[in-house]
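Descriptive analysis of the structure
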Amino acid sequence: VGPSSEWYNKKPMVDGMFKFVGGKKLTFSGPRTEVTSPIYDEGTGARAIIGSLPQFSTDDALEAVKAAAAAWDRGQGEWPQMSLADRIASVEALVAELRKIRSDIVNLLMWEICKNSGDAAKEFDRTMDFIAAIIKELREDPTIRMGFSKWTDVSGVSVQVRRGPVGVMLGLAPFNYPLNEMYAMLIPALLMGNVAVLKLPATGGLVHVLTADAFAAALPKGVVNFVSGSGRKTMPPIMESGLVDVLGFIGGTGAMDSLIKQHPEPHRLKIFAQLAGKNLAVVLPDADLEVATDQCTVGSTSYNGQRCTAIK
């Protein structure tokens, strides 16, 4: 894309050179990585530079998980002790802050991971719709259909079921849906009273940089913390610290196995995993081959096949 294109003037430049830890954007003076777009700049003949991300050290990574552990405070922190109604109100305030920067997020998704405008907008809007649906479900039944949300007499025994938080969640999401997949793990965890450390993807991480101010405005300090840089460098010390109670991971089986083994007490680690998604297309003998061919083509090439639901 060149200066003559209307899109050239929309090229983002996101300065991510800070640490979002403990609810604050702290100065980061360590090494940086320039983030480039798959889109080439006509003027330079190289991939367009659209921002920068910090390369965390081991100490930086540990600082983030320790901030989360402090916010959790063995379940006695402000966020886990907050009522469900108040946590819902805080997440709704977060959504309101995110909606203010919708156009920036959509534009960045287009440049950073090369989604078209419709798909980029859909990722943001579907994520906000997902949050609204979760909140609606919780308001209708805080036990999420486990029953006994109110004191109930069962064979002479009074019973009430309440869902509670587990602790510190470490979330790792993929590049292809950096906002939607991360929030699909993060938001339910937050609503239940957990706190989080988010490992920003190497590609797709700039989108999260834009959200730091929203988290700072809507949530208590330390409830959400960012880690950026090499996963192989930053994840082992976090897992080895034993401060992670919940691991949310979307990616390959080998990486997930390695993360689990690095935890000093893997038997108590709660795990949410979506691994190595592959999808087959089954064409039955009586199928209309033209329709089947068209659908298989769309299913395998939509967003260049970079979807877990793509036909492999």
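Here, the structure is the one placed above.
Notes on the structure in this doc start here. As the structure is a prediction and not an experimental result, all values here were calculated from the model.

1. Notes on the sheet that holds strand β1 (residues 14-15)
Spatial ordering of the open sheet is given by β1-β5-β4, a layout of three strands whose pairing is mixed. The open sheet has two edge strands with one neighbour each: β1 and β4 (32-41). Here two bridges tie β1 to strand β5 (residues 46-54), and the two strands are oriented parallel to one another. Residue pairing in the sheet places valine 14 in a bridge with glycine 51 of β5. Where helix α4 (residues 102-113) meets the sheet, its contacts fall on β1, β4 and β5, and the angle it forms with β4 comes to roughly 85 degrees.

2. Focus on the pattern of salt bridges
A full pass over the atoms with the stated rule returns 11 salt bridges. For the salt bridge of lysine 19 with glutamate 63, the shortest nitrogen-to-oxygen distance reads 2.7 Å. Taken as a pair, lysine 19 in strand β2 (residues 18-21) and glutamate 63 in helix α1 (residues 58-72) lie far apart in primary sequence, 44 residues in all. Lysine 19 sits in the buried class, given a relative accessible area of 10%. The exposure class of glutamate 63 is partly exposed, given its relative accessible area of 30%.

3. A short note on the packing of aromatic side chains
The relative placement of two aromatic rings is captured by the distance of their centres and the angle of their planes. By the definition in use, this model includes four aromatic pairs. Between phenylalanine 28 and phenylalanine 56, the ring centres sit 5.7 Å apart and the planes meet at 20 degrees, which makes this aromatic pair stacked. Separated by 28 residues along the polypeptide, phenylalanine 28 in the loop between β3 (24-27) and β4 and phenylalanine 56 in the loop between β5 and α1 bring together distant segments of the chain. Residue class for phenylalanine 56 comes out buried when judged on its relative accessible area of 2%. Both rings, one in tyrosine 183 and one in phenylalanine 215, keep their centres 6.2 Å apart while their planes meet at 55 degrees; by these two values the pair is tilted. Here tyrosine 183, found in helix α6 (residues 178-191), pairs with phenylalanine 215, found in helix α8 (residues 212-218); they are 32 residues apart in sequence, far enough to count as distant. A relative accessible area of 2% means that phenylalanine 215 is categorised as buried. Site record: aromatic cluster; members linked through ring pairs are Phe20, Tyr183, Phe215 and Phe226. Residue placement shows lysine 25 over the ring face of phenylalanine 18; its charged tip is 4.7 Å from the ring centre.

4. Points about the sheet that holds strand β11 (residues 246-251)
What the five strands build is an open sheet, ordered β10-β9-β8-β11-β12; its pairing is parallel. Here the strands that pair on one side only, and so sit at the sheet edges, are β10 (224-227) and β12 (270-275). Averaged over neighbouring strand pairs, the angle between their axes works out to 15 degrees when direction is ignored. Summarising the sheet, strand β8 (residues 168-172) and strand β9 (residues 195-199) pair through five bridges and their orientation is parallel. Across the sheet, the residue bridging to leucine 172 is lysine 199, located in β9. Contacts from α6 reach β8, β9, β10, β11 and β12, with the element oriented near 170 degrees to β8. The strands touched by helix α10 (residues 253-262) within the sheet are β8, β11 and β12, with β11 carrying the most contacts at an inclination of about 160 degrees.

5. Looking at the packing of α1 against helix α9 (residues 231-240)
The geometry of α1 relative to α9 is characterised by a closest axis approach of 8 Å and an angle of 45 degrees between their N-to-C directions. Classified by the angle between their axes, α1 and α9 sit oblique to one another. In terms of crossing hand, the pair formed by α1 and α9 is right-handed. Facing Thr58, Ala61, Leu62 and Val65 of α1, the residues of α9 in contact are Lys233, Thr234, Pro237 and Ile238.

6. Notes on the pairing of β12
Taken together, the six bridges between β11 and β12 define a ladder with parallel strand orientation. Within β12, the position partnered with leucine 247 by the bridge is isoleucine 271. Remark: the β11/α10/β12 crossover connection has right-handed handedness.

7. Some remarks on the pairing of β9
Counting buried positions over the five residues of β9 gives five, a clear majority of the element. Along β9, one buried face is formed by Val195, Val197 and Lys199 and the opposite face, lined by Ala196 and Leu198, is buried too. Handedness of the crossover is the feature at issue here: the chain leaves β8, passes through α6, returns alongside β9, and the resulting connection is right-handed. Of the strand pairs in this sheet, β9 and β10 are connected by four bridges, and their pairing is parallel. Paired with leucine 198 across the bridge in β10 is phenylalanine 226.

8. Section: the nonpolar core
Membership of the largest hydrophobic core comes to 86 residues, with the highest contact counts inside it found for Leu186 and Ile187. Beyond its immediate stretch of four places on either side in the chain, leucine 186 contacts Met169, Ala196, Leu198, Phe215 and Val224.

Criteria and thresholds
- Residues numbered from 1 in each chain as written.
- Predicted model: local features only at pLDDT ≥ 70, side-chain atom pairs only at ≥ 80, totals over all residues.
- Heavy atoms only, no water.
- Pairing = 2+ DSSP bridges.
- Helix = DSSP H or I, 4+ residues; strand = E, 2+ residues; numbered from the N terminus.
- Contact = heavy atoms within 4.5 Å.
- Axes fitted to C-alpha atoms, helices over the stretch in contact; angles between N-to-C directions.
- Salt bridge = Lys/Arg side-chain N within 4 Å of Asp/Glu carboxyl O.
- Buried < 20%, exposed > 50% of the residue type's maximum accessible area, 1.4 Å probe, protein only.
- Phe/Tyr/Trp six-rings, centres within 6.5 Å; stacked < 30°, edge-to-face > 60°.
- Lys NZ or Arg CZ within 6 Å of the ring centre and 35° of its normal.
- Parallel < 35°, antiparallel > 145°, perpendicular 65-115°, else oblique.
- Left-handed = near helix turned anticlockwise from the far one by under 90°.
- Right-handed = clockwise from strand over helix to strand, strands pointing away.
- Core = buried A, V, L, I, M, F, W, Y, C linked by side-chain atoms within 4.5 Å.

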